[in-house]
Amino acid sequence: MRVAEPSAPHEKERGYFFAMAEITGGTREYITKLQAAVDAIETDYYAEKNKGRDIFERILIRANETYAELLPRAGTGLNLAVGAIRPQGITIAYYGAPLALALYPTAHDLGIADIITEKNQGDSLFSDIITGSLNRGDYFLIASPRLEVVLPRTELAHILAAKSGRFGAAQIEKTLTGANNVGSFGGFIFCLADESAPKT
């Protein structure tokens, strides 16, 4: 899991790069190569000299060609998401079926919308790209699918509606502590606190 917090002005324009991977049955070599691929995508994203809305998409096209060998083979499972949260929106590319939810304020609680609705097991790592927007007060969750076994989405929404920011994160962490019997899981929750800076 990774969230880049840009510091240079040109990086801030690109927003916050994030990546989340859940690998099952992968060799150490496979995990190392996938990590190197994510590192390279992040580096390319912030180093790309061209401007425009499709920068991320161009980088992913190159990544699909460069890292075709990383498509999972029999016996290896992969849920992978890379993306960027920018002032003008969010872009996510994924393989497998990572859990991705938008949680947004309603009159009484937080509404929940699935962002990823179909499993991607195509012939390239990033053949599915989703773009959208976040409003102030919205939350974005990207996690391994196993997270819902321990923390159902309705309970997650209830916690975030009752306790915002770091207090909500602390309550979620407390809920997840001791849930080792379901295997490993992980993820990020972003809250768009103002127009430019998501909070993790």
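Predicted, not measured: the structure shown is a model, and the values here were computed from it. (Residues numbered from 1 in each chain as written. Predicted model: local features only at pLDDT ≥ 70, side-chain atom pairs only at ≥ 80, totals over all residues. Heavy atoms only, no water.)

(A) Structural context of the side chain of Ser124. With respect to the helices and strands, Ser124 occurs in the loop between β6 (110–114) and β7 (128–132). Apart from residues no more than four positions distant in its own chain, Ser124 is found in contact with Asn64, Leu71 and Tyr95. (Helix = DSSP H or I, 4+ residues; strand = E, 2+ residues; numbered from the N terminus. Contact = heavy atoms within 4.5 Å.)

(B) Fine view of the nonpolar core. Phe17, Tyr45, Leu80, Val82, Leu125 and Phe126 are the most contacted members of the largest nonpolar core, which has 26 residues in total. Once residues lying within four places of it in the same chain are set aside, the contact partners of Tyr45 are Arg14, Gly15, Phe17, Ile55, Phe56, Ile59, Ala84 and Arg86. Core analysis: the next-biggest nonpolar cluster, separate from the first, contains 17 residues, Tyr139, Leu147, Val150 and Leu151 among them. (Core = buried A, V, L, I, M, F, W, Y, C linked by side-chain atoms within 4.5 Å. Buried < 20%, exposed > 50% of the residue type's maximum accessible area, 1.4 Å probe, protein only.)

(C) A look at the packing of aromatic side chains. With the rule as written, the count across this model stands at eight aromatic pairs. Ring centres of Phe17 and Phe56 lie 6.5 Å apart, and the angle between their planes is 70°; on these two criteria the pair is classed as edge-to-face. Remark: Phe56 occurs in helix α3 (residues 55–66) and Phe17 occurs in strand β2 (residues 16–24); sequence separation between them is 39 residues. In this structure, Phe17 and Phe56 share a single accessibility class: buried. Aromatic side chains Phe140 and Phe190 sit 5.8 Å apart centroid to centroid with 20° between the ring planes, which places their arrangement in the stacked category. Of this pair, Phe140 sits in strand β8 (residues 139–143) while Phe190 sits in strand β9 (residues 187–192), placing them 50 residues apart in sequence. The two residues Phe140 and Phe190 agree in class, both being buried. One aromatic cluster is present, built from ring pairs that chain together Phe17, Tyr45, Tyr46 and Phe56. (Phe/Tyr/Trp six-rings, centres within 6.5 Å; stacked < 30°, edge-to-face > 60°.)

(D) Looking closely at the side chain of Thr91. Along the chain, Thr91 turns up in strand β4 (residues 89–95). Thr91 sits in the buried class, given a relative accessible area of 0%. At 2.8 Å, the side chain of Thr91 forms a polar contact with the side chain of Arg86. Thr91 has contacts with Phe18, Phe56, Glu57, Val82, Gly83, Ala84, Arg86, Ile129, Ile130 and Thr131, leaving out every residue within four places of it along the chain. (Polar contact = N/O pair within 3.5 Å; in protein donor to acceptor, adjacent residues only side chain to side chain.)

(E) The arrangement of the pattern of salt bridges in detail. Counted according to the given criterion, the structure contains four salt bridges. Notably, a salt bridge pairs Glu29 with Lys33, separated by 3.2 Å at the nearest N-O pair. Pair noted here: Glu29 and Lys33 are both in helix α2 (residues 28–47), with a separation of four residues, about one helical turn. On the basis of relative accessible area, Lys33 is assigned to the partly exposed category, the value being 35%. We note a salt bridge from Lys33 to Glu69, for which the minimum N-O separation is 3.3 Å. Linking Lys33 in helix α2 with Glu69 in the loop between α3 and β3 (77–86), this pair joins segments that are 36 residues apart in sequence. Taking the relative accessible area as the measure of exposure, Glu69 reaches 47% and is therefore partly exposed. (Salt bridge = Lys/Arg side-chain N within 4 Å of Asp/Glu carboxyl O.)

Everything listed is a geometric property; what it means functionally is a separate question.
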